[in-house]
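# Structure at a glance
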Amino acid sequence: MQYKSQAVAKPYFIAAIGLFVGQILFGLILGLQYVLGDFLFPAIPFNVARMVHTNLLIVWLLFGFMGGAYYMIPEESETELFSPKLALALFWIFLVAGALTIVGYLAVPYATLAELTGNNLLETMGREFLEQPLPTKLGIVVVALAFLFNITMTVLKGKKTSISIVLLLGLWGLAVFFLFSFYNPVNVVLDKFFWWWTVHLWVEGVWELILGSFLAFVLIKTTGVDREVIEKWLYVIVTLTLITGIIGTGHHYFWIGTPEYWQWWGSIFSALEPIPFFAMTVFAFNMVNRRRREHPNKAAVLWALGTGVMAFLGAGVWGFLHTLAPVNYYTHGTQITAAHGHMAFYGAYAMVNLMMISYAMPILRGRAANGNKSQVLEMWSFWLMTVAMVFITLFLTAAGILQVWLQRVSDTPLPFMVAQEKIQLFYWMREWAGVAFLIGLILYIASFFAGGDEKEAA
Amino acid sequence: MSGAFTKSMARNIFYGGTVFFFLLFLALSFDTHSQLPKRDMRQNITPQIAEGKKLWEVNNCIGCHTLMGEGAYFAPELGNVVVRYGDEGVKAFIQSRPKDGIPGRRSMPQFNFTDEQLNAIVAFLKHVNSINDANWPPNDQG
Ligand code: HEM
Ligand code: HEM
Ligand SMILES: [Fe+2]
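Residues numbered from 1 in each chain as written. Chains lettered and ligands numbered in written order. Predicted model: local features only at pLDDT ≥ 70, side-chain atom pairs only at ≥ 80, totals over all residues.

On a plain count of helices and strands, chain A comes out with 16 helices and 0 strands. Along the longest, intermediate and shortest principal axes, the C-alpha atoms of chain A span 65 × 45 × 45 Å. Within the span of chain A, comprising 458 residues, buried residues form 58% of the whole. Looking at chain A alone, contacts between residues at least 24 apart form 81% of all its contacts between residues at least 6 apart. (Helix = DSSP H or I, 4+ residues; strand = E, 2+ residues; numbered from the N terminus. Buried ≥ 20, exposed ≤ 12 C-beta atoms within 10 Å, placed from the backbone. Contact = placed C-beta atoms within 7 Å.)

Attention now moves to the site of ligand 2. Close to ligand 2 lie 24 residues; Gly27, Gly31, Gly341 and Gly434 of chain A together with Ala72 of chain B are nearest. Flanking ligand 2 are residues from chains A and B. For the shell around ligand 2, the secondary structure elements donating two or more residues are α1 (9-35), α2 (46-77), α13 (335-364) and α16 (424-449) of chain A. When the residues that make up the shell around ligand 2 are grouped by side-chain class, the tally is 14 nonpolar, 8 polar and 2 charged. (Near = placed C-beta within 6 Å. Nonpolar A, V, L, I, M, F, W, Y, C, P; charged D, E, K, R; others polar.)

Attention shifts here to the nonpolar core. Judged by nonpolar contacts, the single largest core of 183 residues is most densely connected at Tyr70, Leu215, Val218 and Met355 of chain A. With 21 residues, helix α7 (residues 188-223) of chain A is the largest single contributor of residues to this core. Of the domains in this structure, domain 1 (1-38) and domain 2 (42-142) of chain B are the two that each give at least three residues to this core. (Core = buried A, V, L, I, M, F, W, Y, C linked by C-beta atoms within 7 Å. Domains from an automatic or database assignment.)

Each side of the interface is counted separately: chain B has 61 residues, and chain A has 62 residues. Elements that contribute at least two residues to the side of chain B that touches chain A include exactly α1 (7-35), α2 (47-58) and β2 (70-71) of chain B. Broken down by element, the residue count for the side of chain B that touches chain A peaks at 14 residues, all from α1 of chain B. Class assignment of the residues belonging to the side of chain B that touches chain A gives a composition of 29 nonpolar, 17 polar and 15 charged.

Here we come to the site of ligand 1. Surveying the vicinity of ligand 1 reveals 25 residues, the closest of which are Gly319, Thr337, Gly341, Ala344 and Ala348 of chain A. At ligand 1, the nearby residues belong to more than one chain, namely chains A and B. A per-element tally of the shell around ligand 1 places α13 of chain A first, with 6 residues. Taken together, the residues of the shell around ligand 1 break down into 8 nonpolar, 13 polar and 4 charged.

Let us look at the confidence of the model for chain B. Summing up the model confidence of chain B, the mean pLDDT is 97 and the portion of residues at 70 or higher is 98%. Reported confidence for the predicted complex is 0.97 by ipTM and 0.97 by pTM. (pLDDT = per-residue confidence, 0-100.)

What follows is about the environment of serine 107 of chain B. Here serine 107 of chain B is to be found in the loop between α3 (81-95) and α4 (115-130). The buried category is assigned to serine 107 of chain B, around which 23 C-beta atoms lie within 10 Å. Here the alpha-carbon distance between serine 107 of chain B and arginine 97 of chain B, two residues 10 residues apart in the chain, equals 7.9 Å. Among residues more than four places away in sequence, those in contact with serine 107 of chain B are Gly37, Asp38 and Phe41 of chain A together with Gly101 and Ile102 of chain B.

So this is what it looks like as structure tokens:
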């Protein structure tokens, strides 16, 4: 590793992987509850398990983003991190706050948790993905600001590359749009309107800047292609992202009480959102084909190509599938949504973090790349998790099409629960694909401990 | 990309494009806010409805159900549940959930709401049902 302070990234990566395991275990609980309705009831009702599953996802992705930034920024800025001590302190604060929040979800009824944590002072809880108690939300803001301070100062004292600037914009945007999670008016239409300013403007806006920046960094390192070329691509990609994605928010304003013109704005702009994802895939393949060197870390290159392809499939193709208003009228809030949510989150954000970890972790452990045995194992885990996710998505899509048909399109629409019973088979298959995903994840972790011949020191 | 298109041109388009489309988004949002009072029925929001929304939130109903199509997909849409069940039907349903669930079936918790709380929840759900949401859902099954 070039700068000593890059080492603070390591605990972040380890925590990210640990929380990822927790996320998947709760995913499997949810999947079982879909078919064995009273599984773990009333100890862990579905809504509690779901909060744990989605919040762990968000938190591990944030750990990954922070770790990635701590690793990347010193190298890009060509200077030590402004304060490695602060970074380490924030790590523990964030980890403890996150753990306490999860324990809170599991240990007491949600209403009691709300009562205990001061939800009466400022009502922010009980909205999808933003379920965290007020102290946790405030903690996230504090950690985010201190983290931003730390890396912004590092960039300011060092070299300011385009990759760093795009990353900083993405991370600052992440913090700024999170502030809308504190706005929860009694008017439910306004509540929903601004809820999307956090959720949509994250995943289809500023997070894509983080994604693009990480991808560009790893591509420069592994392919040796000229920085000018890579950074030009990066700007083109993030331009496409924001000019489609910001107004693309309108695809969530079709049926929540907002004016009908959003059906036009939302459909047209969000239909263009796949373009930046497509560009990312082309970008990754193009750079790898034009590589000037053979980097020993084959696994990291595989993740880089994989995240391009899977983000395009999950966000681009599966997003487009239901983003036009006349289609969304029927698919809104069904298993189609869940299918898309899974592949998009996995393909774009889980995989880009795994790419960064794959590239950085060996170097943090004192070698340019892992030995052959370890890399082979990691590539197996790549394929297992990715193929499992493809099947999860396909099964949910099948379930979703049937659900829409039985419940919304047919001449004799069935009640929700009756339709659900008829599509159980697909939920069983999704669960088995989930088990395969877990096996892939276990192999992934095993790859860290597989010794074998180690490549040259970093 | 050809040599004539430089990185600094790409950067300028990035900043210009982002600012332009963000401002356009703000303008649309501003216009939406001026139109919302005609659609979101805010004039009908009573303290009881506000209480209902709070109960909806602190019990994390959205963790299983959708509301106007947003939320979880484990249990039925509730934005129009008053159409399916009627006020009394909704209350009776919530009240009659067995504490230990229903063997083998997706089970809803027993929240032990008071009558007053049940009325607030129903008032909130009726309010949501009255919002002009462009005729969604496609039919009463939600
Ligand atoms: C990596 C990027 C993306 C991620 C992580 C993502 C994730 C998600 C998630 C989790 C939801 C469900 C939200 C909820 O629970 O209410 C959702 C909804 C949606 N997404 Fe995406 N998405 C991404 C990109 C896209 C793109 C590019 C498009 C369009 C081309 C798109 C179209 C939609 C639509 C139309 C919905 C609403 C579905 C409904 O009406 O129920 N998404 N997305
Ligand atoms: C073992 C694999 C997994 C299983 C069985 C599983 C199962 C589930 C279930 C049952 C839900 C709730 C759906 C509902 O509301 O009715 C859910 C939600 C969600 N899961 Fe997973 N999950 C798995 C892995 C993942 C992975 C790897 C990711 C992302 C990297 C992910 C991201 C999400 C997201 C974003 C939601 C919210 C979706 C939405 O609101 O549309 N899950 N998951
Ligand atoms: Fe969106």
